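Next come the chains, spelled out residue by residue.
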Amino acid sequence: MQKTVLTFVDDIYEDLELWYPKLRLAEAGYAVRLAAPGIGTFKGKHGYPAESDLLLRDARSTDFCGLLIPGGFMPDKFRRDSKVLSLTREFYEQGKLVASICHGGWIPISAKILKGKRATGSLGIKDDLENAGAIGVNEPVVVDANLISSRTPLDLAPFAKAMAEFLERR
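In this report, the structure presented in the accompanying data block is examined. In this text, all values refer to a predicted model and were calculated from it rather than measured experimentally.

## A look at the overall build of the chain
When helices and strands are tallied, the chain shows six helices and 11 strands. Its C-alpha atoms give the chain a radius of gyration of 14 Å, within 12% of the compact-globule value 15 Å for 170 residues. In terms of principal-axis extent, the alpha carbons of the chain reach across some 35 × 30 × 30 Å. Expressed as a percentage of the 170 residues in the chain, the buried residues total 53%. Residue pairs in contact within the chain that sit at least 24 positions apart in sequence constitute 65% of those at least 6 positions apart. If the 23 positive side-chain charges of the chain are averaged to one point and the 22 negative ones to another, these points end up 4 Å apart.

## Side note on the nonpolar core
Nonpolar side chains tend toward joint burial in soluble globular proteins. Counting 51 residues, the largest nonpolar core has Leu6, Phe8, Val9, Phe159 and Leu167 as the members making the most contacts within it. The leading source of residues in this core is helix α6 (residues 156–169), at six residues.

## Focus on the pairing of strand β1 (residues 4–8)
The buried fraction of β1 is high, at five of five residues. As for the winding sense of the linkage, the β-α-β connection from β1 through helix α1 (residues 15–27) to strand β2 (residues 31–36) is right-handed. Sheet topology note: the β1/strand β6 (residues 66–69) ladder contains three bridges and is parallel. Counterpart to valine 5 in the pairing with β6 is glycine 66.

## Considerations on the pairing of β6
Residues Gly66 and Leu68 point to one face of β6 and Leu67 and Ile69 to the other, with burial holding for every one of them. Relative to strand β7 (residues 97–101), β6 runs parallel, the two being bridged by four bridges. Note that in β7 the partner of leucine 68 across the bridge is alanine 99.

## Overview of the sheet that holds strand β11 (residues 147–150)
With mixed pairing, the seven strands of this open sheet are ordered in space as β5-β2-β1-β6-β7-β11-β10. Here the strands that pair on one side only, and so sit at the sheet edges, are β5 (54–55) and β10 (141–144). Across the face of the sheet, α1 comes into contact with β1, β2, β6 and β7 while running at roughly 150° to β2.

## With respect to the side chain of threonine 4
On the secondary structure map, threonine 4 appears in strand β1. In this view, threonine 4 contacts Tyr30, Ala31, Arg33, Asp63, Phe64, Cys65 and Gly66; residues no more than four positions away in its chain are not counted.

## Thoughts on α6
For α6, built from 14 residues, the straight-helix expectation of 20 Å at 1.5 Å per residue is met to within 8% by its first-to-last C-alpha distance of 20 Å. Taken together, the buried positions of α6 are Leu156, Phe159, Ala160, Ala162, Met163, Ala164, Phe166 and Leu167. Buried positions along α6 lie against β1, α1, β6, β7, β10 and β11.

## Describing the side chain of serine 150
Mapped onto the secondary structure, serine 150 falls in strand β11. Separated by 2.5 Å, the side chain of serine 150 and the backbone oxygen of proline 140 make a polar contact. Once residues within four sequence positions are removed from consideration, serine 150 is found in contact with Ser100, Ile101, Cys102, Thr120, Gly121, Pro140, Val141, Asp155 and Phe159.

Criteria and thresholds
- Residues numbered from 1 in each chain as written.
- Predicted model: local features only at pLDDT ≥ 70, side-chain atom pairs only at ≥ 80, totals over all residues.
- Heavy atoms only, no water.
- Helix = DSSP H or I, 4+ residues; strand = E, 2+ residues; numbered from the N terminus.
- Rg over C-alpha atoms; globule rule 2.2 N^0.38 Å.
- Buried < 20%, exposed > 50% of the residue type's maximum accessible area, 1.4 Å probe, protein only.
- Contact = heavy atoms within 4.5 Å.
- Lys, Arg positive; Asp, Glu negative; His and termini not counted.
- Charge placed at Lys NZ, Arg CZ, Asp CG, Glu CD.
- Core = buried A, V, L, I, M, F, W, Y, C linked by side-chain atoms within 4.5 Å.
- Right-handed = clockwise from strand over helix to strand, strands pointing away.
- Pairing = 2+ DSSP bridges.
- Axes fitted to C-alpha atoms, helices over the stretch in contact; angles between N-to-C directions.
- Expected span 1.5 Å × (residues − 1).
- Polar contact = N/O pair within 3.5 Å; in protein donor to acceptor, adjacent residues only side chain to side chain.

Here's what the structure looks like:
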C-alpha cells in the first residue's frame, strides 16, 4: 500500500491540526497530500499558509492509505461537498484510516459513517456526533476500528501517535 495520506485544506483550517499530524506522519515515513478545490495557498485560522498539491476533484481513495481531517471552519464548508463525503465513505468502507480532530468530525458526521461508533471531537460538535448515532466519548483520542478522533489541539500528541500506530499495523 502506498505510504501517502490525504488531507483536506481550504481557508480557515485549524493550523496546528493540519501541521502537527503532517509533520509527525512525515517522521514516520508517510507523505501527506493536501487536496483543495483549487491549487494554491490557503491560510489557516491563525494565518499559517498551506499549499494544496491536489485538486479535490482528482483525489481517489485508492491512491492513499488514510485520510486526515483537520478542524477549523474548513470542515463546515467541506461537509457540504459530495466529493468530500464520498471520499470519506470510501476510506471508511475500505478499512483505511479516517482520522478527524476537533470540528473535523463534521465531515464523518455528514458522510454518515459514525452510527454506533465511538468518537470524540470539539465540545462544539458533541450534539452533532450523538445526533449522527455516534457514542460520544470525552477522551483525548478515541480509536474505533479505522476511525480515529480527537478533541482539540491540546490532544495532538496522542492523536498523531494513534494515527502513526494505526498506519504501521497495516
